[in-house]
Amino acid sequence: MTTLVVSIDRGADVAGDADAPVVGWEAVESLVTDFGVEDPEDSHVNCLLESLRVARDLEDTGEDAVVAMLSGVGDPVSIDRAVARQTDRLVEEYDLDSAVVVVDSAEDERLVPIVESRLTVDAVDRVVVRQARDIESTYYLLKQFLADEELRETVFVPVGAALLVFPVLLLVFGQVTIALGAIAAFFGGFLLYKGLGIDELLETLSTQVREALYSGQVALVTYVVAGGLALIGLFAGALGVSEIGDHATLLLGMRFVYDAVPWLTAAALAAATGRLVDELLRQEGVRNAYLNLPFGAIAVGLVVRGVASYFLTRADLVETVTMPGIEFGPLSVAAVKLQPRAELALFLIAGVLVSLIGVRFAAYFSGRNVEADLSKES
């Protein structure tokens, strides 16, 4: 049984220009010495030393251990892909069975699932450096904190902006409660921005859009179309609410849904169709979810529209559906005005039928080459 004892150097602060991954006791030990002399205060030094200790303990118990350090540079996507490639290389070269991952920060720990997807991770060893607790050490840590550019941007910039804005809000509104409420809203938005990872999403968004443009993905265009249709739907819903005046909150919400749902359904249908076309162009087969998604969007739209229409017709805010008259020579059928319940049942049945058609369509194509079927039909 061979165990990989691996530490992760996100950003290649330790590895520098060294070829990654750094593998072997001698190579890691040499890297610890070289980097430790250059920057003995960096916690990565302790992380590498912990990797050597764990590998030594495993070998003392009779297990084979391979100690290594993975690293990557660039944006988060490039770093993750580099760590994945290096892990695959180690698994292929050393026939590994499991891994022990040594990390020294939450940022490095986010890469553990990449290793775990390729090897069984027996343990995650988190290295915490002990520090003295006297006043001098506290001052030193504060000085180090102020020297960290990332921490300064994360903590001091929003605090400084809030302190500058507070007196301005106080002068404009003249009330402390309004100023404090605005500051609290600012900090709440900032915490959500960081907590939900929106900053990381924005960092990778431009790269993903550029790659989508270069690769000619149809979904990029359909997503833009879907966004435009969704905005139109929201605008149409707002107009519908403004037209009916003062009514109960439930009826106002139903009128918004009634006017917005057709556009929102069209937006979902456009996005789903673009994703389906991209799956077809990959020539690797299409998963059932992508085949069924357009039908699901239409079915949900029909059901929601029918429910909203039922409430509005009962309140006499919209007209019920009228089935047109039909004439077949001497036989004629007069136009029929549906009751609210009959109209609701019609929408519900239509939604269920569309959903069943989507399931049947996905099942029909699930085990076959969709492109071959379409070419045969054409």
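These numbers come from a predicted model, not from an experiment.

Visitor: What is the right way to read the nonpolar core from this model?
Guide: Generally speaking, a soluble globular protein has its nonpolar side chains buried in company with each other. Of all hydrophobic cores here, the largest spans 20 residues; its most connected members are Leu4, Leu70, Leu90, Leu96, Val101, Leu111 and Val115. Of all elements in the fold, only β1 (2–10), β3 (64–72), α3 (76–94), β4 (98–103) and α5 (112–116) reach the threshold of two or more residues within this core. Sort the elements by how many residues they give to this core and α3 lands first, with four residues. The contacts of leucine 111, once residues within four sequence positions are left out, are Ile8, Arg10, Ile79, Asp80 and Val83.

Visitor: Hey, could you run me through helix α1 (residues 25–38) in this one?
Guide: Along an α-helix, residues three or four positions apart point the same way, because every turn accommodates 3.6 residues. The first and last C-alpha atoms of α1 sit 20 Å apart over 14 residues, in line with the 20 Å expected at 1.5 Å per residue. Burial in α1 covers these residues: Val28, Leu31, Val32, Phe35 and Gly36. Projected down its long axis, α1 carries its buried residues within an arc of 120 degrees, all on one side. Summarising the geometry of α1, the exposed residues directed more than 90 degrees from the buried face are Glu26, Val37 and Glu38. Considering only its buried residues, α1 is in contact with β2 (22–23), α2 (43–60) and β3.

Visitor: How do you make sense of the packing of aromatic side chains when you look at a structure like this?
Guide: Where two aromatic rings form a pair, the distance of their centres and the angle of their planes describe that pair. Applying the stated criterion across every chain yields a total of two aromatic pairs. Here the aromatic rings of phenylalanine 186 and phenylalanine 187 are separated by 5.5 Å at their centres, their planes lie at 70 degrees, and the arrangement is edge-to-face. Judged by relative accessible area, phenylalanine 186 falls into the partly exposed class, the value being 38%. Given the relative accessible area of 29%, phenylalanine 187 is considered partly exposed. Geometrically, the ring pair formed by tyrosine 310 and phenylalanine 311 is edge-to-face, given 6.0 Å between the ring centres and 80 degrees between the ring planes. Judged by its relative accessible area of 31%, phenylalanine 311 is partly exposed.

Visitor: For this particular structure, what's the right way to read the pattern of salt bridges?
Guide: Pairs can form between side chains of opposite charge whenever their charged atoms are close. The tally for this structure, following the rule as stated, stands at seven salt bridges. Aspartate 57 is the salt-bridge partner of arginine 53, the closest N and O atoms lying 2.6 Å from each other. With arginine 53 and aspartate 57 both in helix α2 and four residues apart, the pair spans about one turn of that helix. Overall, the relative accessible area of 35% leaves arginine 53 in the partly exposed class. When its relative accessible area of 27% is taken as the criterion, aspartate 57 is described as partly exposed. For arginine 255, the salt bridge goes to aspartate 259, with nearest N and O atoms at 2.8 Å. Of this pair, arginine 255 and aspartate 259 both sit in helix α11 (residues 249–281), separated by four residues, roughly a single helical turn. Comparing arginine 255 with aspartate 259, the two get one shared label, buried.

Visitor: Looking at this structure, how should I read the UniProt feature "transmembrane region" (unreviewed entry) in the protein chain?
Guide: Here the UniProt feature "transmembrane region" (unreviewed entry) sits at residues 155–173, 179–197, 218–240, 260–277, 289–312 and 344–366. Measuring from the first to the last C-alpha atom of residues 155–173 gives 27 Å, for a span that is 100% helix and 0% strand. As annotated, residues 218–240 comprises 100% helix and 0% strand, and the C-alpha atoms at either end are separated by 33 Å.

Calculation criteria
- Residues numbered from 1 in each chain as written.
- Predicted model: local features only at pLDDT ≥ 70, side-chain atom pairs only at ≥ 80, totals over all residues.
- Heavy atoms only, no water.
- Core = buried A, V, L, I, M, F, W, Y, C linked by side-chain atoms within 4.5 Å.
- Buried < 20%, exposed > 50% of the residue type's maximum accessible area, 1.4 Å probe, protein only.
- Helix = DSSP H or I, 4+ residues; strand = E, 2+ residues; numbered from the N terminus.
- Contact = heavy atoms within 4.5 Å.
- Expected span 1.5 Å × (residues − 1).
- Arc of directions from axis to C-beta.
- Phe/Tyr/Trp six-rings, centres within 6.5 Å; stacked < 30°, edge-to-face > 60°.
- Salt bridge = Lys/Arg side-chain N within 4 Å of Asp/Glu carboxyl O.
- UniProt positions renumbered as here; feature names shortened; annotations may be inferred.

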